[in-house]
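Next come the chains, spelled out residue by residue.
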Amino acid sequence: MAISSGSSSFAGKAATRVRLTEIFLSIQGEADSVGWPTVFVRLTGCPLRCSYCDTAYAFHGGEWFRIEAVLEKVASFDTRHVCVTGGEPLAQKGCLVLLQRLCDAGHQVSLETSGAMDVSTVDPRVVRVVDIKTPGSGEVARNRYENLALLRPEEQIKFVICNRADFEWACEQVRTRHLQERCMVLFSPSSGQVEAGELAQWILDARLPVRLQVQLHKYLWGDTPGR
Ligand code: SF4
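Just so you know, these numbers come straight off a predicted model, no measurement behind them.

1. Some remarks on the overall build of the protein
Inference 1: If you tally the helices and strands in the protein, you get five helices and nine strands.
Inference 2: When the helices and strands of the protein are placed in sequence order, the string is β-β-β-α-β-α-β-β-β-α-β-α-β-α.
Inference 3: Against the 2.2 N^0.38 benchmark of 17 Å for 227 residues, the protein shows a C-alpha radius of gyration of 17 Å, consistent with a compact globule.
Inference 4: Across its three principal directions, the C-alpha atoms of the protein cover 55 × 35 × 30 Å.
Inference 5: Scored against the burial criterion, the 227 residues of the protein give a buried share of 39%.
Inference 6: Intrachain contacts of the protein at a sequence separation of at least 6 include 71% that bridge at least 24 residues.

Written out as structure tokens, the structure reads:
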């Protein structure tokens, strides 16, 4: 990233900085804003360890940047859509300030979060895309179900499906928690574990009111960091 970093010695003392893995311009490959040119701001660190994680390179490392510097870098892409992701972005205090400032700057902002953190303090202009971790992820115990009642109709709940048992479990969650009445529900196949066509057929057979999601960016560029 060609933006200036700050001193890491006091970076954790105030929510004026965030630890970043990367910022890049790509095509949004997921969720309701799929296909839009989007600036991705990937914050470093995650307290979870999902079995299928494709961003483990964001668990460690990264560099501290002033939020002002992040805003300048985002602005340089001249792109309306911005997605703050991770890792788990909400694990950093500065994330909430970053989200607010991105909205203030006029961006259409989305947040990808694991569902394990409190989403109630996120700026209401941000569209939250909240995972519900399945048993196959290995992190089902981390789900913070109280987040679900906070979601608005334009926001999204996402399940990554690792196998047929995950699918059955996710169906049960959709039905018993009436998730489709709350907001859009996305089912995504775990790469290398479930074929997209297989999951599509399961959804059709179950007559489930959920939306199949494939990771468009992987079809375009493969599993390449920064794309
Ligand atoms: S929450 Fe996301 S970043 Fe964290 S381990 Fe799971 S898939 Fe990876």
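2. Concerning the site of the ligand
Inference 1: Neighbouring the ligand are the residues Cys 46, Leu 48, Arg 49, Cys 50, Cys 53, Thr 55, Gly 86, Gly 87, Glu 88 and Ser 114.
Inference 2: In terms of residue class, the shell around the ligand is built from four nonpolar, four polar and two charged.

3. As for helix α1 (residues 67-76)
Inference 1: Among the residues of α1, those classed as buried are Val 70, Leu 71 and Val 74. Projection of α1 onto a plane perpendicular to its axis shows the buried side chains occupying an angular sector of 100°, all on one side.
Inference 2: Where the residues of α1 are buried, they touch β1 (17-27), β2 (37-43), β3 (63-66), β4 (81-85) and α2 (94-104).
Inference 3: Once α1 ends, the next one or two residues include Asp 78, with phi positive near 55°.

4. Topic: the UniProt feature "binding site: substrate" (unreviewed entry) in the protein
Inference 1: Feature annotation in UniProt places "binding site: substrate" (unreviewed entry) on Ile 27, Gln 28, Gly 29, Arg 42 and Thr 85, given in this structure's numbering.
Inference 2: By the element assignment, Gln 28 lies in the loop between β1 and β2.
Inference 3: Those residues in contact with Gln 28, other than ones at most four positions away along the chain, are Ser 33, Val 34, Gly 35, Trp 36, Thr 38, His 81 and Cys 83.
Inference 4: Inspection of the secondary structure assignment puts Arg 42 in strand β2.
Inference 5: Leaving out residues up to four positions away in the same chain, Arg 42 has contacts with Leu 20, Thr 21, Glu 22, Ala 58, Thr 85, Gly 86 and Gly 87.

5. Details of the sheet that holds strand β7 (residues 156-161)
Inference 1: Strand order in this open sheet of nine strands is β3-β1-β2-β4-β5-β6-β7-β8-β9, and the pairing throughout is mixed. Each having just a single partner strand, β3 and β9 (211-212) make up the two edges of the open sheet.

6. Thoughts on helix α3 (residues 164-176)
Inference 1: Between its terminal C-alpha atoms α3 stretches 18 Å, which fits the 18 Å expected from 13 residues at 1.5 Å a residue.
Inference 2: Buried residues of α3: Asp 166, Phe 167, Ala 170 and Val 174, and no others. Looking straight down α3, one finds that the buried residues subtend no more than 100° of arc, so they occupy a single side. More than 90 degrees from the buried face of α3, the exposed residues found are Ala 165, Glu 172 and Thr 176.
Inference 3: On its buried face, α3 sits against β7, β8 (184-189) and α4 (196-206).

Conventions used here
Residues numbered from 1 in each chain as written. Predicted model: local features only at pLDDT ≥ 70, side-chain atom pairs only at ≥ 80, totals over all residues. Helix = DSSP H or I, 4+ residues; strand = E, 2+ residues; numbered from the N terminus. Rg over C-alpha atoms; globule rule 2.2 N^0.38 Å. Buried ≥ 20, exposed ≤ 12 C-beta atoms within 10 Å, placed from the backbone. Contact = placed C-beta atoms within 7 Å. Near = placed C-beta within 6 Å. Nonpolar A, V, L, I, M, F, W, Y, C, P; charged D, E, K, R; others polar. Arc of directions from axis to C-beta. UniProt positions renumbered as here; feature names shortened; annotations may be inferred. Pairing = 2+ DSSP bridges. Expected span 1.5 Å × (residues − 1).

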